[in-house]
Structures are given as structure tokens and as C-alpha cells.
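# A closer look at the structure
Here are the chains, one letter per residue:
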Amino acid sequence: MKNKIEFDRVCESCKGTGLYIGMAERDGAAVVCHKCKGTGCEHISIEYESFTERKISEKVKRVFRVNPGIIYGGPNLSLFGGMPVYEWLRGLPFPPGSEDRLYSCPCWFYQIADYKKKPEWRECQIGCTFSNCRQFFSKESCWERWDREFGNK
Ligand SMILES: [Zn+2]
């Protein structure tokens, strides 16, 4: 259902004075506020739809906790981890191994997803980008280690 709220508020640009003092107005100079046209009053009108329940997007097939910054697409979305949308809609948690393990390492993924689960390993040689780490091409072993150290927490 569409609703509308309307109200008048003190103009935020000029603090209700109708006069605007910007960077170029000095020593008592002011210009007429362009937002409220000098009235000091700002009329707000917002149209919105009342929330009743979450809607279902027909377009979505798979849900990911986060995107570490690559393009997710193609015929096999499960390559990137994640879970099927029907499981997410049922409220199930992301299953173990549902991180983007093919394209990101534990440090990269959990820096975005959950800082508490981000490993602080001495071996992580991160300069500017995670993919420059010396371990990155053997990140499967980093994920194995992550499973042992963080997996069931
Ligand atoms: Zn104003």
C-alpha cells in the first residue's frame, strides 16, 4: 500500500533563516537560499510503501554472503560458493565451505564477511592486494587450515 507523509521543516541549507552564507559570502553578506527561496521553510513529501513481508525476487538463483570484488555470473554460480536462494529464503545459515574459495583466500573473504574469523597468520604476505600473497596460488591449503582453526566456531 502506498502512503504519503508531508511536513514542513526548518530549511537545512539556511538553518531556517532564508539566507545562505557560503564560502564566498563574507563580512555580513548573504544570498537568498535557493532551496527554500528565502522562506526558511522546506516542504518534505515522501511516498513510501508500508512493509508487510519480504518480497521474493524471481531473478535470483543463488545468494552469497559477500562479494570480495569480482564478477559473479555465468552458468555455474556455485563455483563462487554461496547457497541456493530457496535455502536462504527458508532462513538457513550459509553452510561450511560456502565462501568464495576458488577466487579468494580466507584472509580476503573474512576481511569482508566477518572480521572475527579473519586469520592473522604470519604466512600472509599481503601488500596491496590479496592476490599478490605468495600463498595465493596454494590458497586451498589456507582454506584447509582455516577449516581447522575457525571452521566449527
Ligand atoms: Zn533555506
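Here we come to the coordination of the zinc ion. Within the protein, C11 (SG), C14 (SG), C33 (SG) and C36 (SG) serve as the donor atoms for the zinc ion, at 2.2 to 2.3 Å. Coordination at the zinc ion is tetrahedral: its four donor atoms span angles of 101 to 117° at the metal. Taken in sequence order, the residues that donate to the zinc ion follow the motif C-x2-C-x18-C-x2-C. C36 carries the same exposure label as C33, and that label is buried.

Turning to the packing of aromatic side chains, a few remarks are in order. Applying the stated criterion across every chain, the model contains 13 aromatic pairs. Residues W108 and F136 carry aromatic rings whose centres are separated by 5.9 Å and whose planes lie at 40° to one another, so their mutual orientation is tilted. You can see W108 sitting in helix 2 (residues 106-113) and its partner F136 sitting in the loop between helix 2 and helix 3 (139-150), a full 28 residues away along the chain. Aromatic rings pair up to connect F109, Y110, W143, W146 and F150 into one cluster. The positively charged end of K139 is found above the aromatic ring belonging to F136, 4.4 Å away from the centroid.

Further remarks concern the pattern of salt bridges. Side chains that carry opposite charge are capable of pairing whenever their charged atoms lie near each other. Under the definition given, this model contains eight salt bridges. As a salt-bridge pair, R9 and E12 come within 3.6 Å of each other at their nearest N and O atoms. Looking at R9, the relative accessible area reads 30%, which means it is partly exposed. Between K35 and E42 there is a salt bridge; the shortest N-O distance is 3.5 Å. On the basis of relative accessible area, K35 is assigned to the partly exposed category, the value being 42%. Take E42: its relative accessible area is 9%, and that puts it in the buried class.

Let's shift gears to helix 3. Here helix 3 is twelve residues long and its end C-alpha atoms lie 15 Å apart, about the 16 Å a rise of 1.5 Å per residue gives. Those residues of helix 3 not exposed but buried are K139, C142, W143, W146 and F150. Down the axis, helix 3 shows its buried residues gathered within 100° of arc, on one side only. On its buried face, helix 3 is in contact with helix 2.

Glancing now at the packing of helix 2 against helix 3. Angle between the axes and distance between the axes: these two values describe a pair of packed helices. Between helix 2 and helix 3, whose axes approach to 9 Å, the crossing angle comes to 55°. On the basis of the axis angle, helix 2 is oblique to helix 3. In this structure, helix 2 contributes P106, F109 and Y110 to the contact, and helix 3 contributes C142, W143 and W146. Of the residues in the contact of helix 2 with helix 3, the class split is six nonpolar, no polar and no charged.

Rules of the game
- Residues numbered from 1 in each chain as written.
- Predicted model: local features only at pLDDT ≥ 70, side-chain atom pairs only at ≥ 80, totals over all residues.
- Heavy atoms only, no water.
- Donors = N, O, S within 2.8 Å, 3.2 Å for Na, K, Ca; no water.
- Tetrahedral: all angles 85-135°; square planar, octahedral: opposite > 155°, others 65-115°.
- Buried < 20%, exposed > 50% of the residue type's maximum accessible area, 1.4 Å probe, protein only.
- Phe/Tyr/Trp six-rings, centres within 6.5 Å; stacked < 30°, edge-to-face > 60°.
- Helix = DSSP H or I, 4+ residues; strand = E, 2+ residues; numbered from the N terminus.
- Lys NZ or Arg CZ within 6 Å of the ring centre and 35° of its normal.
- Salt bridge = Lys/Arg side-chain N within 4 Å of Asp/Glu carboxyl O.
- Expected span 1.5 Å × (residues − 1).
- Arc of directions from axis to C-beta.
- Contact = heavy atoms within 4.5 Å.
- Axes fitted to C-alpha atoms, helices over the stretch in contact; angles between N-to-C directions.
- Parallel < 35°, antiparallel > 145°, perpendicular 65-115°, else oblique.
- Nonpolar A, V, L, I, M, F, W, Y, C, P; charged D, E, K, R; others polar.

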